[in-house]
Amino acid sequence: MGKKLNIEMLSIKNLHVSIEGKDILKGINLDVKPGEVHAIMGPNGAGKSTLASVLAGRDLFNVTEGEVNFQGKDLLDMEPEDRAKEGIFLGFQYPIEIPGVSTVNFMKTAVNEHRKYKGLDPLSASDFLKLMREKKSLVEIDSKLTNRSVNEGFSGGEKKKNEIFQMAMLEPKLAVLDETDSGLDIDALRVVANGVNKLKTRDNATIVITHYQRLLDYIVPDVVHVLYDGRIVKTAGKELALELEEKGYDWIKEENGK
Amino acid sequence: MADINTINKDFADLFNQGNELLLEGSSDVMNETRKNAFQDFSKLGVPTRANENYKYTNLIPAFDHPYNVNLRYQQVDVDLNEIFQCDVPELDTNMVLLTNGWYYGNNKELTELPKGVIICGVQEAAEKYPEIFNAHYGKYAKTDEDGVVALNTALAKDGFFIYVPKGVVIEKPIQVVNLLRSDRDLMATQRNLIVVEENAQAKIIVCDHTLTHHKYLTNSVTEVNVARNAIFDLYTLQNQHLNSVILNSTFIRQESNSNVLSNTISLYGGTIRNNHHVILDEEHCENNTFGMYLMDRDQHVDNFTSIDHAKPNCLSNEHFKGVMDDQASGAFAGRIFVRRDAQQTQAFQSNNNLLLSNDAVINTKPQLVIDADDVKCSHGATVGQMDEDALFYLRARGIDEKEARQMLMFAFAHEIIEKIRVEPLKERIDELVDKRLRGEISKCNTCAIACNH
């Protein structure tokens, strides 16, 4: 068992990413083990969201160098849907509104795709609804939201809660939460953070991307990284987040010669 | 290829040589209307692309073909009631059949109709109920503006007639199925009249069903008068084969406080042209005009609509959506007239198109003519591709690309389907559209509400 815990779940080596010829990520190295919570902090434009999108498989970005290994497989070689089924979950910074697609149908399709991938039969309608009920109460999301089209007309907080609800439904191995705290009032923030904490097990891992320390009062990270200008420039324990909160990002910029 | 003059001359010959047959069995009012319509047709002819209203639909190839024309009811050698059974689960309707545009002679008796409701053929109605028929026939479909309508009126022999008397509510939808069944290529002229009296309510579903693979040209005109406080729904389902031409003109007149919803769903057909004209002729009317088209291969669809706010305080909502794939082409024209005294008009229109290939074409043209000054009107047209962000969002949850695309297309179309006010029909259309978008009913020989035959 001890041996299993030592195996990296995610291993990013020297990852270089560009978009339209512009380098965004310039050699990222990051290892995440099961059971860990990592926070990635950094000023706007550092490349945090790019990293999240690349892990989820968004094809707007060009990986020019490096490798990403997820549970022993080459992640970069997989379609977004296969990454999801392997256990990657991206909590979107800006969840997309999809009018006409009901949340129920969306989640049912997604859950059954995951089951198919694992060689399981699709859930019956009643089992599916039971699962929905369980997960809804877990993340304190209102039924009126799940009865509507995906994210349509949702407030910022409702959209983020819906992300956590989807995460609860899909039970990922690795959740990458991209600025999940942005635009949240303190109550919504607490709900979102509680959801993440309740879903945490020793077998899954979370990467929390944020540029405020506030969320980290609720989701306590094991490791904090600072991403600046496409590189991880600092890695430490949770106390680093507090230091950043106090001193801002200027000292990081100075240390890195800008 | 024949030129337009030859086509028009052929129709003149048909009219003159077939005059005796045309007059036979039709009432004096029909024949008088016919005569005037022919004069209009002689001036207008079959519209060509030089006509601004037909700029995007070339009818010459549709008409340039040796069709058979039946100027007399043809006995059917089988029992169509046996051949045709609709299998939509839970869709319980009052169903009548037409054969090549004529009211079928052996329709089953409708036993559940409320008292006073009349459903029969147009010829029969002209003869048996002249006071109703003559008050409405030829009053709404203008023959001096569109050669297609003039031609229909000149050649009109039969079609369906539906009368809903004052205060009568027909719970079960009336379903009219036109069966196209011929051993030769056929041009069918169908002329329908629907009269909904004060405080009455009715829902009508009209569909076509091609029983053989011959080339069909259907030219149908439907006149509808909806009296005060009446509520009326008209669902038109177009699902023929690639070798068919559908010319479908509807003229709806509304009286005060009436509420009309129409939904024209084009799933399949070689060339489809819908002319949809509404006049809000008294105050406080509500009109909802919806449509959806799903076209691929070389199919063509053209929805030409006009909503005439003739009187104040009326509301109209118009929304058409289309999904175009392969080399399919289409057009939408949405005219809204707000006449000078039609104050407090609210008129909303939109047309949204999803293009799935580089070769698909859509021409969309909103046209608002507003002569009143206290109105609320809006229009909008969009032509776009699949939303890549939405696609990625679905895929990021484990849904494969094909399925994700399907979900988004279906969602796009569903906005129109959900306007259907007959629940089992809505579910059935949902299912059909889903299949249609998956390419599972590409070779279609069944009617839009999939029937056993």
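Residues numbered from 1 in each chain as written. Chains lettered and ligands numbered in written order. Predicted model: local features only at pLDDT ≥ 70, side-chain atom pairs only at ≥ 80, totals over all residues. Heavy atoms only, no water.

Trainee: So what exactly am I meant to see when it comes to the pairing of strand 1 (residues 10–19) of chain A here?
Mentor: The two faces of a sheet get side chains in turn, since along a regular strand they alternate between them. All names here are of chain A. Along strand 1, 7 of the 10 residues are buried, which leaves the element largely enclosed by surrounding structure. Here 7 bridges tie strand 1 to strand 4 (residues 62–70), and the two strands are oriented antiparallel to one another. Pairing of S11 across the sheet is with N69, part of strand 4. Note: strand 1 against strand 2 (residues 22–32), 8 bridges, orientation antiparallel. Of the residues in strand 2, the one forming a bridge with V17 is L25. Between strand 1 and strand 2, which pair antiparallel in sequence order, lie 2 residues; one of them, E20, sits at a positive phi of approximately 50°. (Buried < 20%, exposed > 50% of the residue type's maximum accessible area, 1.4 Å probe, protein only. Helix = DSSP H or I, 4+ residues; strand = E, 2+ residues; numbered from the N terminus. Pairing = 2+ DSSP bridges.)

Trainee: How do you make sense of the pattern of salt bridges when you look at a structure like this?
Mentor: In a structure, side chains of opposite charge can pair up when their charged atoms sit close to one another. Taken as a whole, this structure holds 41 salt bridges over all chains when the rule is applied. We note a salt bridge from A:E8 to A:K33, for which the minimum N-O separation is 3.6 Å. Of the two residues, A:E8 is situated in the loop between helix 1 (2–6) and strand 1 and A:K33 in the loop between strand 2 and strand 3 (37–41); the sequence distance between them amounts to 25 residues. Residue A:E8 is classed as partly exposed on the basis of its relative accessible area, which comes to 28%. Taking relative accessible area as the criterion, A:K33 reaches 25% and is therefore assigned partly exposed. One salt bridge in this structure joins B:E423 and B:K426, with 3.6 Å as the shortest N-O distance. Here B:E423 and its partner B:K426 are both found in helix 11 (residues 423–437), 3 residues apart, which amounts to about one turn of the helix. Ionic contacts of the salt-bridge type, sharing partners, join the residues A:E79, A:E81, B:R395, B:E401 and B:R405 into one network. (Salt bridge = Lys/Arg side-chain N within 4 Å of Asp/Glu carboxyl O.)

Trainee: Could you clarify how one ought to interpret the packing of aromatic side chains in this entry?
Mentor: To describe a pair of aromatic rings, one takes the distance between the centres and the angle between the planes. In this structure the tally under the stated criterion is 11 aromatic pairs over all chains. Consider the rings of A:F106 and B:Y393, whose centres lie 5.9 Å apart with planes at 25°: the pair is stacked. With A:F106 in helix 4 (residues 103–117) and B:Y393 in helix 9 (residues 388–395), this pair bridges two chains. Take B:Y393: its relative accessible area is 0%, and that puts it in the buried class. Between B:F15 and B:F38, the ring centres sit 3.8 Å apart and the planes meet at 0°, which makes this aromatic pair stacked. (Phe/Tyr/Trp six-rings, centres within 6.5 Å; stacked < 30°, edge-to-face > 60°.)

Trainee: Got a minute to help me understand the interface of chain B and chain A in this structure?
Mentor: Many authors give the size of an interface as the accessible area that is lost as the parts come together. Contact with chain B, which involves 17 residues of that partner, is made by 29 residues of chain A. The contact between chain B and chain A buries some 2,000 Å² in all, and 65% of this surface belongs to carbon and sulfur atoms. Summed over the shared surface of chain B and chain A, the number is 4 salt bridges. A salt bridge links B:R397 to A:E163; the shortest N-O distance between them is 2.7 Å. At the junction of chain B and chain A, the tally comes to 11 residue pairs in polar contact (both at pLDDT 80 or more). Of all elements in the fold, only helix 9 and helix 10 (401–417) of chain B reach the threshold of two or more residues within the side of chain B that touches chain A. The element best represented in the side of chain B that touches chain A is helix 9 of chain B, accounting for 7 residues. Here the side of chain B that touches chain A is composed, by residue class, of 9 nonpolar, 1 polar and 7 charged. (Contact = heavy atoms within 4.5 Å. Buried area = accessible area lost by both parts, 1.4 Å probe. Polar contact = N/O pair within 3.5 Å; in protein donor to acceptor, adjacent residues only side chain to side chain. Nonpolar A, V, L, I, M, F, W, Y, C, P; charged D, E, K, R; others polar.)

Trainee: Any chance you could explain the packing of helix 7 (residues 156–170) of chain A against helix 8 (residues 186–199) of chain A here in plain terms?
Mentor: Think of two packed helices as two axes; the pair is described by the angle between the axes and how far apart they sit. Residues and elements named next belong to chain A. Two elements in contact, helix 7 and helix 8, have axes whose closest approach is 9 Å; the angle formed by their N-to-C orientations is 10°. Comparing the axis directions of helix 7 and helix 8 gives the class roughly parallel. Side by side, helix 7 and helix 8 meet where K160, K161, I164, M167 and A168 of the first sit next to V191, V192, G195, V196 and L199 of the second. When the residues that make up the contact of helix 7 with helix 8 are grouped by side-chain class, the tally is 7 nonpolar, 1 polar and 2 charged. (Axes fitted to C-alpha atoms, helices over the stretch in contact; angles between N-to-C directions. Parallel < 35°, antiparallel > 145°, perpendicular 65-115°, else oblique.)

Trainee: Would you mind going over the sheet that holds strand 4 of chain A with me for this structure?
Mentor: For sheets, the rule is that strands pair by backbone hydrogen bonds, running either parallel or antiparallel. Residues and elements named next belong to chain A. Strand order across the open sheet formed by 4 strands is 2-1-4-5, with antiparallel pairing between neighbours. Looking at strand neighbours, the two that pair on one side only are strand 2 and strand 5 (73–74), the edges of this open sheet. Of the strands in this sheet, strand 1, strand 2 and strand 4 are in contact with helix 2 (residues 48–56), which crosses strand 1 at around 110°.

Trainee: It is not clear to me how the sheet that holds strand 17 (residues 315–324) of chain B should be interpreted in this structure. Could you clarify?
Mentor: All names here are of chain B. On the basis of which strands lie adjacent, the open sheet formed by 10 strands has the order 4-3-7-9-11-13-15-17-19-21 and mixed pairing. Strands with a single pairing partner mark the edges of an open sheet, and in this sheet they are strand 4 (102–103) and strand 21 (375–384). Judged from the 8 bridges that link them, strand 13 (residues 259–268) and strand 15 (residues 286–295) form a sheet pairing that is parallel. Residue pairing across strands places N259 opposite E286, the latter belonging to strand 15. The strands that helix 10 touches are strand 13, strand 15, strand 17 and strand 19 (345–355); relative to strand 17, the one it contacts most, it runs at about 150°.

Trainee: What's the story with the state of the cysteines in this structure? I'm lost.
Mentor: Think of a disulfide as a covalent bridge from one cysteine sulfur atom to another cysteine sulfur atom. Residues and elements named next belong to chain B. In total, this model carries 0 disulfides over all chains according to the counting rule given. The thiol of C314 is unpaired, and the distance to the nearest cysteine sulfur, on C285, comes to 4.1 Å. Owing to a relative accessible area of 2%, C314 belongs among the buried residues under this scheme. (Disulfide = S-S within 2.5 Å.)

Trainee: What am I meant to see in the UniProt feature "domain: SUF system FeS cluster assembly SufBD core" (unreviewed entry) in chain B here?
Mentor: The UniProt record annotates "domain: SUF system FeS cluster assembly SufBD core" (unreviewed entry) at residues 184–412 of chain B. The span residues 184–412 of chain B shows a helical share of 9% and a strand share of 62%, and its end C-alpha atoms are spaced 39 Å apart. (UniProt positions renumbered as here; feature names shortened; annotations may be inferred.)

Trainee: Mind showing me how you'd approach unusual backbone geometry here?
Mentor: In terms of backbone geometry, most residues other than glycine have negative phi values and most peptide bonds are trans. Residue and element names in this part refer to chain B. Look at N199: it is not a glycine, yet its phi comes out positive at around 60°. Examined against the element boundaries, N199 turns out to sit in the loop between strand 8 (186–196) and strand 9 (201–210). On the accessibility criterion, N199 (41% relative accessible area) is partly exposed. In the Ramachandran plot, R297 falls in the positive-phi region, its phi being about 45° despite a non-glycine side chain. Relative to the helices and strands, R297 is located in the loop between strand 15 and strand 16 (300–309). For R297, a relative accessible area of 32% gives the class partly exposed.

Trainee: What's the story with helix 1 (residues 4–17) of chain B in this structure? I'm lost.
Mentor: Owing to its 3.6 residues per turn, the α-helix brings residues three or four apart onto one side. All names here are of chain B. Over its 14 residues, helix 1 runs 20 Å from end to end, which matches the ideal 20 Å to within 8%, given 1.5 Å per residue. All of the buried residues along helix 1 are I4, I7, N8, F11 and F15. Each buried residue of helix 1 lies within a common arc of 95° when the element is viewed along its axis, so the set occupies one face. Across from the buried face of helix 1, at angles greater than 90 degrees, the exposed residues are N5, K9, N16 and Q17. (Expected span 1.5 Å × (residues − 1). Arc of directions from axis to C-beta.)

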